[in-house]
Structure formats: C-alpha cells, structure tokens
Amino acid sequence: MIRALVLALGLIAGPASAQMQGVRLEDPVAIPPFELSNNVGDTFAADDLKGQWTLIMFGFLSCPDVCPFTLGNLEAAVSEMGMRMRPDSVPKVVFVSVDPDRDQDAVDGYAKFFHPDFKGVTGDRENIDALIDATDSFYRLMPPDKTGYYEVQHSSSVSIIAPDGTLRAKLQPPFDPRLSAEFMMQSQIQYRRDQTQ
C-alpha cells in the first residue's frame, strides 16, 4: 500500500502546478512480480519496468470518456516531454485493460491508436490485481444488464514508475502537457538526488 503522499495539489511548485494535481510519494513502492500480455504476442512484466521511466494507466476499451481523454492528453504530454528531455528520459506509456474478457483481442491496437509507441496489455485477474494493488489504483466490474453488457469503474490517475522499478509518483487529470512534462522533469531530478544519497 502506498505510504503518505507529499507535494500534493497546490504544493508542487506554485499555483500553475495545481492544475496538474501531481503527487510524489514520500517513500518509493516496490512493484511485485506480474506478467501481462497483448494480442500481438508482447509481454509486459515487472522486469520491463527496469532501466526506463514508465507511465501506467488502467482502463478498458469501451470506456466512453476517461480512457480516450487520458490517452489523448498523455500523447500530448509525451510529445511535450520529447521536446524538453533527452530521448532516454521520455517515459514509456503502458495502457492496462482491467477488462480482459472483452479487450484481449484488441488492447494493443487501442493504445497505438493514440501513439505508435504506446503499449496496451491485459491478463488474468491475479496479475492485474497485483499491479492495481501496488499502485494503489482501483477498478470495479459492475453487474451486467439484461443484455450482458456491463460498465467498468476505474481510477483515472497515471502511475509514474522510476528506472529502478518502483512507484515514485502519480499524475491526475487534466494532464496538461506542459505541466506534466515539468512534473516529470522534477520527478527525475528528485530521483537522481535520491540515488546519490
């Protein structure tokens, strides 16, 4: 479980940063073993988090608003980061579907619709839940209606994973590209400081 969150809304770097609602963790959180995959044969596991920055968001393909809004803004944020950071510092974006029964066959294409470098994955409940719990995220499959259709509730925050494979911070809407890039840069600076202490 995530420990105390610090530098919360309005405390990051002034009034403008309050729009971003980014929070950094007081203590890093280790990500436990997990393994997810997608419809094109790619796997995504805890070891894939090492050596790079990664942004993880949870959702589902038939999401009417939160998922496309978030992925669209993350695409803009990644483009902004690409102009302000070294290429190896720009985070990878991974979309994790919490609805594998409906999404397994199309999850990677859905993520790549927003950016060709985005990755979409899903998996069994045990592996999804392990990542959900480690990032202090949530989802809920609602009861199906008479036709069998069901809604999915899920968190809208995006988890920031550092190159050592630990959760270091979270982004929340509206994911302003400029402010998100600034927050990522500051998070990376803080990470480097922590590594030298």
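**A closer look at the overall build of the protein chain**
Scanning the protein chain from N- to C-terminus turns up 5 helices and 11 strands. Scored against the burial criterion, the 197 residues of the protein chain give a buried share of 47%. Within the protein chain, residue pairs in contact and separated by at least 24 positions form 67% of the contacts whose partners lie at least 6 positions apart.

**A closer look at helix α1 (residues 66-84)**
Along its 19 residues, α1 runs 27 Å from first to last C-alpha, staying within 8% of the 27 Å computed at 1.5 Å per residue. Turning to α1, the residues buried within the fold contact β5 (54-59), β6 (92-97), α3 (107-114), β9 (152-154), β10 (158-161) and α5 (177-196).

**Things to note about unusual backbone geometry**
Residue P174 follows P173 across a cis peptide bond; omega there is 15°. By the secondary structure assignment, P174 is in the loop between β11 (166-171) and α5. For F175, which is not glycine, the phi torsion reads 55° and is therefore positive. With respect to the helices, strands and loops of the structure, F175 is situated in the loop between β11 and α5. Among the residues examined, F175 registers a relative accessible area of 0% and is labelled buried.

**A few points about the confidence of the model for the protein chain**
Residues of the protein chain with pLDDT of at least 70 account for 89%, and the chain-wide mean is 88. Predicted confidence is poor over residues 1-20, with pLDDT under 50, and the contacts of this stretch with residues over four places away or in other chains come to 46 contacts.

**Side note on the side chain of S137**
On the secondary structure map, S137 appears in the loop between α4 (125-134) and β8 (139-141). Not counting chain neighbours up to four residues away, the residues in contact with S137 comprise F58, I132, S155, S159 and K170.

**Focus: the packing of α1 against α5**
The N-to-C vectors of α1 and α5 enclose an angle of 55°; their axes lie 8 Å apart at closest approach. One finds that α1 runs oblique with respect to α5. Where α1 crosses over α5, the two elements pack in a sense that is right-handed. The segment α1 lies against α5, with A76, A77, E80, M81 and R84 engaging P177, R178, S180, A181, E182, M184 and M185.

**Quick word on α3**
All of the buried residues in α3 are V107, D108, Y110, A111 and F114. Buried residues along α3 cover an arc of 160° about the axis, so they all sit on one side. For α3, the elements touching its buried residues are α1, β6, α2 (100-103) and β7 (119-121).

Rules used in this analysis
Residues numbered from 1 in each chain as written. Predicted model: local features only at pLDDT ≥ 70, side-chain atom pairs only at ≥ 80, totals over all residues. Heavy atoms only, no water. Helix = DSSP H or I, 4+ residues; strand = E, 2+ residues; numbered from the N terminus. Buried < 20%, exposed > 50% of the residue type's maximum accessible area, 1.4 Å probe, protein only. Contact = heavy atoms within 4.5 Å. Expected span 1.5 Å × (residues − 1). pLDDT = per-residue confidence, 0-100. Axes fitted to C-alpha atoms, helices over the stretch in contact; angles between N-to-C directions. Parallel < 35°, antiparallel > 145°, perpendicular 65-115°, else oblique. Left-handed = near helix turned anticlockwise from the far one by under 90°. Arc of directions from axis to C-beta.

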